[in-house]
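Residue strings, one per chain:
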Amino acid sequence: MSETLFSKIAAGEIPAEILYEDEEIVAFRDVSPQAPVHVLVIPRKPIPTLNAVQPEDAHLIGRLLLVAAQIAAREGIAESGYRTVINCNAGAGQTVFHLHLHVLGGRPLNWPPG
Ligand code: 5GP
């Protein structure tokens with residue numbers, strides 16, 4: 001059995017609208033979108049938080065960003081603008097302890113965020 005909610009989504013054990021997948025990375029729509037486009041990009045490897053990333057994960061973390069940019073282009077928000085977010089730990093709002101990159105766009109996004 002898979003370890004986390006997002007591992008279960010990556011394994012197809014819990015349904016989600018998958019937008020991209022390969023041997024290392026899966027991207028799927030957030031179930032509770034905070035913007036017209038809200039996609040989560042995750043490594044299949046169940047790294048709990050950004051704090052747990054190791055030097056050997058550097059390539060994987062870089063690929064998360066590359067996939068995020070591809071998704072933004074495909075979703076039509078690359079030029080209008082989008083935000084990528086990694087919440088690290090509960091104080092920053094992390095609720096699922098499987099590393100994930102939020103890709104948000106399709107509406108004006110204020111900065112700084114609330
Ligand atoms: P966090 O708050 O940990 O940074 O982000 C977790 C995200 O996962 C939230 O935006 C939440 O809406 C999303 N989420 C939680 N459970 C599910 C689920 O079962 N399916 C999908 N697709 N997204 C989920």
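Please refer to the structure placed before this passage.
Residues numbered from 1 in each chain as written. Predicted model: local features only at pLDDT ≥ 70, side-chain atom pairs only at ≥ 80, totals over all residues. Heavy atoms only, no water.

Asker: I'm lost on the site of the ligand in this one. Help?
Answerer: For the ligand, the set of nearby residues contains 17 residues, the closest of which are Asp30, Asn87, Gly93, Thr95 and His102. A distance of 2.9 Å separates an oxygen atom of the ligand from a polar atom in the side chain of Asn87. His102 places a polar side-chain atom, nitrogen or oxygen, 2.8 Å from an oxygen atom of the ligand. Summarising the interface, the protein chains cover 82% of the accessible area of the ligand, which totals 520 Å² for the free molecule. Element by element, the count of residues in the shell around the ligand is highest for helix α1 (residues 5–10), at three residues. The class makeup of the residues in the shell around the ligand is seven nonpolar, eight polar and two charged. (Near = heavy atom within 4 Å. Polar contact = N/O pair within 3.5 Å; in protein donor to acceptor, adjacent residues only side chain to side chain. Areas by Shrake-Rupley, 256 points an atom, 1.4 Å probe, with all protein chains shown as cover. Helix = DSSP H or I, 4+ residues; strand = E, 2+ residues; numbered from the N terminus. Nonpolar A, V, L, I, M, F, W, Y, C, P; charged D, E, K, R; others polar.)

Asker: What's the story with the pairing of strand β5 (residues 101–105) in this structure? I'm lost.
Answerer: Consecutive side chains along a regular strand alternate between the two faces of the sheet. Most of β5 sits out of view: five of its five residues are buried. Both faces of β5 are covered, namely the face carrying Leu101, Val103 and Gly105 and the face carrying His102 and Leu104. In the sheet, strand β3 (residues 37–43) pairs with β5 via five bridges, with the strands oriented antiparallel. Its bridge partner lying in β5, Val39 is registered against Val103. (Buried < 20%, exposed > 50% of the residue type's maximum accessible area, 1.4 Å probe, protein only. Pairing = 2+ DSSP bridges.)

Asker: Looking at this structure, how should I read the sheet that holds strand β2 (residues 25–29)?
Answerer: For sheets, the rule is that strands pair by backbone hydrogen bonds, running either parallel or antiparallel. Taken together, the five strands give an open sheet; going across it, the order is β1-β2-β3-β5-β4, and neighbouring strands pair in antiparallel fashion. With one partner strand each, in any of the chains shown, β1 (18–21) and β4 (82–85) form the two edges of the open sheet. On average, each strand axis in the sheet is tilted by 15° relative to the strand beside it, whichever way the strands run. For β2 and β3, the ladder comprises five bridges, and the chain directions are antiparallel. Bridging across to β3, Arg29 finds its partner in Val39. (Axes fitted to C-alpha atoms, helices over the stretch in contact; angles between N-to-C directions.)

Asker: Explain the nonpolar core to me, please; I cannot follow it from the model alone.
Answerer: General note: in soluble globular proteins, nonpolar side chains tend to be found buried as a group. In terms of nonpolar packing, the biggest core is built from 19 residues, with Ile25, Val39, Val41, Leu64 and Ile71 touching the most fellow members. Elements represented by at least two residues in this core include exactly β1, β2, β3, α2 (58–75) and β5. The next biggest cluster of nonpolar side chains, apart from the first, holds eight residues, and it includes Ile9, Ala10, Phe28 and Leu40. (Core = buried A, V, L, I, M, F, W, Y, C linked by side-chain atoms within 4.5 Å.)

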